[in-house]
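# Structural overview for review
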Amino acid sequence: AFIGWYDDKKITIDLRQSHSQVHRIYGISDYGSSSSSLVNIKLETGLNEDYYVGFNRATGINGHNDEADNEVTITKAYNTFSHSHQSRL
């Protein structure tokens with residue numbers, strides 16, 4: 001779930017109500033470089049899991065990534081708060 005980081009650079013899309021959309025997404029190291037740049041998109045499914053879309057730009061704080069350098073990432077996260085779950089990349 002979102003914990004307050006990058007609040008001004010993220011959006012949530014409810015997949016049950018949303019039609020096709022196009023967004024430009026930037027890496028976290030680009031945060032602040034543009035007023036319209038997104039660094040995270042949450043896709044709400046209405047089920048027990050949601051998905052988060054990001055771009056893992058291999059520069060700045062992410063310059064020494066071990067995987068997914070300069071790639072769009074989709075992370076599946078369970079949205080149940082009663083149990084702890086591991087997210088998947």
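Everything here concerns the structure above.
For the structure given in this document, a descriptive report is provided here.

Conventions and cut-offs
Residues numbered from 1 in each chain as written. Predicted model: local features only at pLDDT ≥ 70, side-chain atom pairs only at ≥ 80, totals over all residues. Heavy atoms only, no water. Helix = DSSP H or I, 4+ residues; strand = E, 2+ residues; numbered from the N terminus. Buried < 20%, exposed > 50% of the residue type's maximum accessible area, 1.4 Å probe, protein only. Contact = heavy atoms within 4.5 Å. Areas by Shrake-Rupley, 256 points an atom, 1.4 Å probe, with all protein chains shown as cover. Pairing = 2+ DSSP bridges. Axes fitted to C-alpha atoms, helices over the stretch in contact; angles between N-to-C directions. Patch = residues over 30% accessible without salt bridge, like charges linked within 9 Å, V, L, I, M, F, W, Y side chains within 5 Å. Salt bridge = Lys/Arg side-chain N within 4 Å of Asp/Glu carboxyl O. Lys, Arg positive; Asp, Glu negative; His and termini not counted. Charge placed at Lys NZ, Arg CZ, Asp CG, Glu CD.

## Observations concerning the overall build of the chain
On a plain count of helices and strands, the chain comes out with zero helices and four strands. Put simply, the chain runs from its N terminus to its C terminus through helices and strands in the order β-β-β-β. Looking at the 89 residues of the chain, the share that counts as buried comes to 27%. By sequence separation, contacts in the chain at least 24 residues apart represent 44% of the contacts at least 6 residues apart. For the chain, the exposed surface amounts to about 6,400 Å²; the carbon and sulfur share of it is 47%.

## Brief notes about the sheet that holds strand S1 (residues 10-14)
Hydrogen bonds between backbone atoms are what pair the strands of a sheet, whose relative direction is either parallel or antiparallel. The strand order across the open sheet built from four strands is S1-S2-S3-S4, with neighbouring strands paired in mixed fashion. Looking along the sheet, the strands with just one partner apiece sit at the ends: S1 and strand S4 (72-78). Within this sheet the neighbouring strands show an average axis-to-axis angle of 20 degrees, counted without direction. Where strand S3 (residues 49-55) lies against S4, seven bridges are found, and the strand directions are antiparallel. Within S4, the position partnered with Tyr52 by the bridge is Thr75.

## Topic: the pairing of S3
With respect to burial, S3 is a largely interior element, five of its seven residues being buried. Bridge count for strand S2 (residues 40-44) against S3 is three bridges, and the pairing is antiparallel. Bridge pairing in S3 links Lys42 to Tyr52. Linking two consecutive strands that pair antiparallel, namely S2 and S3, is a turn of four residues; a positive phi of about 80 degrees is found at Gly46 within it.

## Re a negative patch on the surface
Judged by side-chain charge, Asp66, Glu67, Asp69 and Glu71 come together as a negatively charged surface patch. Here Asp69 lies in the loop between S3 and S4. A relative accessible area of 37% means that Asp69 is categorised as partly exposed.

## Things to note about the environment of Gly60
Within the secondary structure layout, Gly60 lies in the loop between S3 and S4. Classification of Gly60 by relative accessible area gives exposed; the value is 56%. Linking Gly60 and Asp30, residues 30 residues apart in sequence, is a C-alpha distance of 8.5 Å.

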